[in-house]
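Now for the letters of each chain:
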Amino acid sequence: MSAGSSRTRNPLWQELAATLRGPLLLPGDPDYETRRHVWNGAIDRHPLAIARCIDAEDVAAAVKFAAREHMPMTVRGGGHNVAGLAVRDDALMLDLGAMNRVDVDARSRIVRVEGGALWRDVDAATQPQGLATTGGFVSTTGVGGYTLGGGVGWLMRNAGLAIDNLLEADIVLADGRTVTASDKQHADLFWGLRGGGAGLGVVTRFTFRLHPVNEIHAGVVFYPISAAPALLRAFRAFTPDAADALTVMLVFTTAPPLPFLPAEAHGHRAVALAYCWSGDPVLGAHAAAPITKTAEPLGRHEGLMPYAAWQQAFDPAAAPGDHYYWTTSQFDTFDDALIDALVQRAAQPADPLCEVHVHHLGGAVARIAHNATAFSQRDATFFINAIGHTDAEERFAAVRDWVRGLRAAFVPHARAGMQTNFAGEPSDLKSRTHDPDTRSRLSALRARYDPDGLLAPVRSG
Ligand SMILES: Cc1cc2nc3c(=O)[nH]c(=O)nc-3n(C[C@H](O)[C@H](O)[C@H](O)COP(=O)(O)OP(=O)(O)OC[C@H]3O[C@@H](n4cnc5c(N)ncnc54)[C@H](O)[C@@H]3O)c2cc1C
């Protein structure tokens, strides 16, 4: 590997570069600019250097170097974290983007996934075998951060959260040691990895349980915004008793110019009901009917399709490089006042790209004991994500205010806490993402496995 000019100026970086098999990127290197940027274009930070690790040995070498130098580290998995936790000023970034190998053992129904893979990498390997495990609602999210935060997705009510399918994790600890965590080895660490968020080490390989998933019945049905209150009431009444095979989402959005929508609807605020039925395909066509029949649709696109195709259906709405800010609120139920507050604000976004996603949990997610993992929100009935999104930097402040306004309106109706994966502010991770018992167990784990806080996702204080 060649040594760039700033690298030759600093023997420390030269030493690290010589230890790694992947490249070490320093400010001034063209790839440094590409890799310091994450999915959220509102994040603009400058790490000291970026170690593009190619395997677990590279990760261990970079971690040992940083530990010796008392240098804070961040880990870049898929780079999707909206708060930008993968990148920090004045820290060493371990970029796992090249570690995206996926090995399927179809007979044992398990998949081994390197720590920098995206969900689309996993689907590409498992779907040809008629298998899948719970991944994100879009396919470009990183397996790493997503899994450590819990992991909700289209298959969760049938197959559980991503962490409920995690069998073991190979992890480089903050002192450079490599261990395997499972319910038999380092069980305390394994508990914390399942929902605790990041900061317990660098996971170089996840091993997940797979489920038979071939074609699913899925679709999206668009309605005029005026139908929103009736749809929300139907969603509230129907989803708590819905079959486990069904996962439904109501999306407040701006109608895109899709061929199955009338031209006069394009560009106007609308509500879309998106669903995925992963049970017997014959039963899928009517699975969401108790909600879809509530109002006259503007247009619909539904049918049998490969699961991997459905998981990519929403990728175009998640354009990398745009400015994003989001938050999440969890609920035991929706009262009518919440519905009114939601509809009023979601109908008038600060940017047409802004969305509000209304989700339900339950099914397999709720059947696992609350304290069996470090994911604190599995007994919530619903959650709502307010997604601030603009492609114009000058509108970003207004977009952020719109999201904050939604959160403030939800507070009187919501449960305490929020899901780690949808936390929009680093400070949320300090006090909001876990209940007090889980938080203190996680603090004790971090003190044990990373006493100097080198991998801490947020700075203390
Ligand atoms: C468009 C979009 C759609 C999403 N959809 C969903 C969804 O359907 N369900 C859901 O639950 N969440 C979803 N999320 C949220 C997502 O799960 C979190 O933002 C998560 O942090 C992203 O993981 P990542 O690896 O891509 O992110 P990164 O920004 O790379 O990392 C996030 C955090 O995890 C740490 N990390 C990443 N990989 C590793 C690793 N291998 N070892 C140790 N630490 C690691 C990082 O250090 C950082 O602290 C979505 C996000 C976006 C932007």
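Residues numbered from 1 in each chain as written. Predicted model: local features only at pLDDT ≥ 70, side-chain atom pairs only at ≥ 80, totals over all residues.

Caption draft 1: Geometry of the sheet that holds strand β2 (residues 49-52). Strands sit in the order β1-β2-β4-β3 across an open sheet of four strands; the sheet is mixed. Sheet topology places β1 (24-25) and β3 (73-76) at the edges, where each strand pairs with a single neighbour. Most of the contacts of helix α4 (residues 56-68) go to strand β4 (residues 92-95), to which it runs at about 170°, and overall it touches β2, β3 and β4. (Pairing = 2+ DSSP bridges. Helix = DSSP H or I, 4+ residues; strand = E, 2+ residues; numbered from the N terminus. Contact = placed C-beta atoms within 7 Å. Axes fitted to C-alpha atoms, helices over the stretch in contact; angles between N-to-C directions.)

Caption draft 2: Fine view of the domain arrangement of the protein chain. Taken domain by domain, the protein chain holds domain 1 (8-95), domain 2 (102-212) and domain 3 (215-422). Taken residue by residue, the interface counts five residues in domain 1 and eight residues in domain 3. A breakdown of the residues in the side of domain 1 that touches domain 3 according to their chemical character gives three nonpolar, two polar and no charged. (Domains from an automatic or database assignment. Nonpolar A, V, L, I, M, F, W, Y, C, P; charged D, E, K, R; others polar.)

Caption draft 3: Main features of the site of the ligand. Taken together, 35 residues surround the ligand, and among them Gly77, Gly78, Gly142, Gly144 and Gly145 come closest. Among the elements that take part in the shell around the ligand, helix α6 (residues 143-148) stands out by supplying four residues, more than any other. Lining the shell around the ligand are residues from two domains, each supplying at least three of them: domain 1 (8-95) and domain 2 (102-212). (Near = placed C-beta within 6 Å.)

Caption draft 4: Representation of α4. End to end, α4 covers 18 Å across 13 residues, agreeing with the expected 18 Å (1.5 Å per residue, within 8%). Where α4 is concerned, the buried positions are Asp58, Val59, Ala60, Ala61, Ala62, Val63, Phe65 and Ala66. (Expected span 1.5 Å × (residues − 1). Buried ≥ 20, exposed ≤ 12 C-beta atoms within 10 Å, placed from the backbone.)

Caption draft 5: Quick look at the nonpolar core. In this structure, Ala51, Ala62, Leu92, Leu94, Leu273 and Tyr275 are the most contacted members of the largest nonpolar core, which totals 147 residues. Ranked by the residues each element gives to this core, the list is headed by strand β14 (residues 269-277), at eight residues. With near-sequence residues (within four places) excluded, alanine 51 lies in contact with Leu16, Leu20, Gly22, Leu24, Ala62, Leu92, Leu94 and Asp95. (Core = buried A, V, L, I, M, F, W, Y, C linked by C-beta atoms within 7 Å.)

Caption draft 6: Looking closely at the pairing of strand β12 (residues 215-224). Along β12, eight of the 10 residues are buried, which leaves the element largely enclosed by surrounding structure. As paired elements, β12 and strand β15 (residues 299-306) share eight bridges and run antiparallel to each other. Bridge pairing in β15 links valine 220 to histidine 301.

Caption draft 7: Broad picture of the pairing of strand β13 (residues 246-254). A large share of β13 lies buried, amounting to seven of its nine residues. Sheet topology note: the β13/β14 ladder contains nine bridges and is antiparallel. When the sheet's bridge partners are listed, threonine 254 is paired in β14 with arginine 269. Bridge analysis of β13 against strand β17 (residues 355-360) gives four bridges, and the strand direction is antiparallel. Note on β17: the bridge partner recorded for leucine 250 is valine 358.

Caption draft 8: Quick look at helix α2 (residues 11-19). Looking at α2, one finds that the buried residues are Trp13, Leu16 and Ala17. Within α2, the buried residues cover an arc of 100° as seen down the axis, which keeps them to one side. When the buried face of α2 is taken as reference, the exposed residues oriented beyond 90 degrees from it are Pro11, Glu15 and Ala18. (Arc of directions from axis to C-beta.)

Caption draft 9: Layout of the sheet that holds strand β6 (residues 110-114). Across the sheet, which stays open at both edges, the five strands sit in the order β5-β6-β10-β8-β9 with antiparallel pairing between neighbours. In the strand order of this sheet, the two ends are held by β5 (102-105) and β9 (178-182), each with one partner. The average angle at which neighbouring strand axes cross in this sheet is 15°, direction not considered. The strands touched by α4 within the sheet are β8 (166-172), β9 and β10 (202-209), with β8 carrying the most contacts at an inclination of about 50°. Strands β5 and β6 of the sheet are contacted by helix α5 (residues 119-126), whose axis makes an angle of about 35° with β5.

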